Amino acid sequence: MAQYTIKELEHLSGIKAHTIRIWEQRYNVLCPQRTDTNIRYYSDADLKTLLNISLLNEQGFKISKIAKMSPEQLKLTVQQLAEQEASSLSHHITNMVTAMIDMDEEQFDKSFSTVTLQVGFHQAMLQVVYPFLHKIGILWQTNNITPAHEHFVSNLVRQKLIVAIDGQVVKRKEGEPTYLLYLPEGELHEIALLYMNYLIRSHHQQVIYLGQNLPFKDLQLTYNQLKPDIICTVMTIIPERDQVQDYIDKLATTFPATQIYLYGYQVQHDFLTFPENTHRLSCIEDFIRVLTQKS
């Protein structure tokens with residue numbers, strides 16, 4: 001069972017720690033436990049309860065009314081709200097977090113399918129999946145999910161992306177740029193790269209997709225053979241922090257005539273500098289703007 005601090009609950013639920021404490025004292029909505037050293041912590045059940053409370057409160061339910069609900073009533077009210085409020089997407093994020101904690105593929109599938117029908121695949125990724133993955137990042141950083149949880153949900157999202165990519169009908173236009181997408185050797189976090197692949201194809205531009213864990217020499221061989229106009233990569237954990245600048249410089253000097261776009265956690269450090277033909281993407285919306293300009 002995971003253990004959460006009140007600050008972690010704040011990040012995951014969007015409810016301020018001060019408000020959580022008041023709700024505990026006035027309404028007894030959560031029952032934190034204490035470690036052997038008398039430090040308060042919260043359980044998975046507390047997190048699920050607070051996520052549901054946050055969702056109802058966001059939709060106008062007063063905390064005094066929510067506090068009187070039994071756990072069964074709380075869950076039923078959230079489910080009913082989800083069915084009625086087609087315009088609100090926050091409950092899908094809540095459901096995905098709960099599905100991940102429980103490793104419930106059916107619940108995840110239902111939530112993803114519903115939101116995709118509501119707003120389309122592209123907006124489902126932007127408005128639901130990316131905020132959901134951000135919450136996963138918080139859980140991962142605070143050691144409140146295991147690698148098994150992260151692998152479970154990442155593979156579900158990866159499957160959705162692959163199916164969506166496979167279903168695209170690409171009508172390439174003459175003169176459109178060709179993109180080469182890859183992950184550096186040792187890098188296996190593929191979701192952002194797959195989403196870039198989907199976005200490029202949706203703009204009817206050509207993609208050479210080389211996927212995960214690509215040695216640099218193979219990147220060079222492919223480039224020399226196919227001469228893509230643009231190279232895109234994502235650096236989440238590879239290269240390591242002290243090697244990122246060298247890798248960026250190596251890309252810039254090896255492919256001086258090509259525009260290179262870099263995304264991911266490892267390229268967001270303030271100390272990094274970017275040669276003229278390299279560009280940092282701070283968010284996926286930056287890449288969408290690049291595609292719009294190129295098409």
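Before reading on, note that the structure itself is shown above.
Residues numbered from 1 in each chain as written. Predicted model: local features only at pLDDT ≥ 70, side-chain atom pairs only at ≥ 80, totals over all residues. Heavy atoms only, no water.

**Regarding the packing of aromatic side chains**
- Summed over the entire model, instances satisfying the criterion amount to 10 aromatic pairs.
- Relative to Phe112, the ring of Phe108 has its centre 6.3 Å away and its plane inclined at 20°; by these criteria the two rings are stacked. In this pair, Phe108 and Phe112 both sit in helix α7 (residues 105-119), 4 residues apart, roughly one turn of the helix.
- Relative to Phe132, the ring of Phe108 has its centre 5.9 Å away and its plane inclined at 55°; by these criteria the two rings are tilted. (Phe/Tyr/Trp six-rings, centres within 6.5 Å; stacked < 30°, edge-to-face > 60°. Helix = DSSP H or I, 4+ residues; strand = E, 2+ residues; numbered from the N terminus.)

**Looking at unusual backbone geometry**
- Residue Ile238 is joined to Pro239 through a cis peptide bond whose omega torsion reads -10°.
- Checked against the element boundaries, Pro239 lands in the loop between β5 (230-234) and α12 (244-254).
- The phi dihedral of Asn28 falls on the positive side, at around 55°, and the residue is not glycine.
- For Asn28, the location among the structural elements is in the loop between α2 (17-27) and β1 (33-34).
- On the accessibility criterion, Asn28 (53% relative accessible area) is exposed.
- We note that Met103 has phi near 50°; this positive angle belongs to a residue other than glycine. (Buried < 20%, exposed > 50% of the residue type's maximum accessible area, 1.4 Å probe, protein only.)

**Brief notes about the pattern of salt bridges**
- Tallied over the entire structure, the rule returns 6 salt bridges.
- In this structure, Lys7 engages Glu10 in a salt bridge whose closest nitrogen and oxygen atoms are separated by 2.9 Å. One end of the pair is Lys7 and the other is Glu10, both in helix α1 (residues 6-13) and 3 residues apart, which spans about a single turn.
- Exposure remark for Lys7: the relative accessible area of 44% places this residue in the partly exposed category.
- We note a salt bridge from Lys160 to Asp109, for which the minimum N-O separation is 2.2 Å. Of this pair, Lys160 sits in helix α9 (residues 147-166) while Asp109 sits in helix α7, and the two are 51 residues apart along the sequence. (Salt bridge = Lys/Arg side-chain N within 4 Å of Asp/Glu carboxyl O.)

Function cannot be read off these values alone, since they describe shape.
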